[in-house]
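Topology and contacts: notes
As a plain string of letters, each chain reads:
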Amino acid sequence: MATEIICPNSWRSGPISIFLAGTIDNGQSEDWQSVVVDRLKHFNVQLLNPRRTQWDSSLEQTINNPAFVEQVTWELDSLQRCDIIIMNLVGNSKSPISLLELGLFASSGKLMVTCGLDFYRRGNVEIVCDRYDIPLYSDLNELIKDLLYKVQIKKMSEE
């Protein structure tokens, strides 16, 4: 029932769209996105996944690199258009792009954030979440539980 849309594939508005923001570390971190996809597979949602199955992390990260521009543009466009952004900041990561995205979308009202207790900038994340009334979780499973509730409420309000 859920549709996973992996960057750079296009998508249309329709079912509730959820962007899977957070730690990827050039593909070196755990694939937590697949856990979310599996947990939401029975719901009528679109899961927007920036983690590509094939990505060359040695590519130059510059505006002059079309593949890099495509990735970043897809992410920014999808973050802007989606209904919900879940962000998972894994404890042993740096996740600088995720922190940038947290700042960009803090006031959007769309964010739900998981941040490991040992994340090196947890204090900053806590303050931003507190200031912008963003739900903050220490555990991805807790976030998913609340996300499922939010999806069901959103669906009922649209009927």
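Examining the overall build of the protein
Along its length, the protein carries five helices and six strands. Of the regular secondary structure in the protein, the N- to C-terminal order runs β-β-α-β-α-β-α-β-α-β-α. A globule of 159 residues ought to have a C-alpha radius of gyration of about 15 Å, and the protein, at 15 Å, matches this closely. Overall size of the protein, expressed as C-alpha extent along the three principal axes, is 45 × 35 × 25 Å. Buried residues in the protein amount to 43% of all 159 residues. Taking the intrachain contacts of the protein between residues at least 6 apart in sequence as the baseline, contacts between residues at least 24 apart amount to 72%. Looking at the protein as shown, the accessible area adds up to about 9,000 Å², and 49% of this sits on carbon and sulfur atoms. A distance of 3 Å separates the average location of the 15 positive side-chain charges in the protein from that of its 21 negative side-chain charges.

Considerations on the confidence of the model for the protein
Close reading of the predicted structure is inappropriate where its pLDDT is low. Averaged over every residue, the pLDDT of the protein is 91; the share at 70 or more is 94%. Across the protein, element-level confidence peaks in strand S6 (residues 136-137) with a mean pLDDT of 98 and bottoms out in helix H5 (residues 140-158) with 84.

Concerning the packing of aromatic side chains
Scanning the entire structure with this criterion turns up two aromatic pairs. When the ring of Phe 19 is compared with that of Trp 74, the centres are 6.0 Å apart and the planes differ by 40 degrees; the resulting orientation is tilted. Here Trp 74 lies in helix H2 (residues 66-81) and Phe 19 lies in strand S2 (residues 16-22), a separation of 55 residues in the sequence. Each ring, one from Phe 119 and one from Tyr 120, has its centre 5.2 Å from the other, and the planes form 65 degrees; the classification is edge-to-face. Assessed through its relative accessible area of 3%, Phe 119 is described here as buried. Positioned above the aromatic ring of Trp 11, the side-chain terminus of Arg 81 is 3.8 Å from the ring centre. The positively charged end of Lys 94 is found above the aromatic ring belonging to Tyr 120, 4.2 Å away from the centroid.

Reading guide: rules and limits
- Residues numbered from 1 in each chain as written.
- Predicted model: local features only at pLDDT ≥ 70, side-chain atom pairs only at ≥ 80, totals over all residues.
- Heavy atoms only, no water.
- Helix = DSSP H or I, 4+ residues; strand = E, 2+ residues; numbered from the N terminus.
- Rg over C-alpha atoms; globule rule 2.2 N^0.38 Å.
- Buried < 20%, exposed > 50% of the residue type's maximum accessible area, 1.4 Å probe, protein only.
- Contact = heavy atoms within 4.5 Å.
- Areas by Shrake-Rupley, 256 points an atom, 1.4 Å probe, with all protein chains shown as cover.
- Lys, Arg positive; Asp, Glu negative; His and termini not counted.
- Charge placed at Lys NZ, Arg CZ, Asp CG, Glu CD.
- pLDDT = per-residue confidence, 0-100.
- Phe/Tyr/Trp six-rings, centres within 6.5 Å; stacked < 30°, edge-to-face > 60°.
- Lys NZ or Arg CZ within 6 Å of the ring centre and 35° of its normal.

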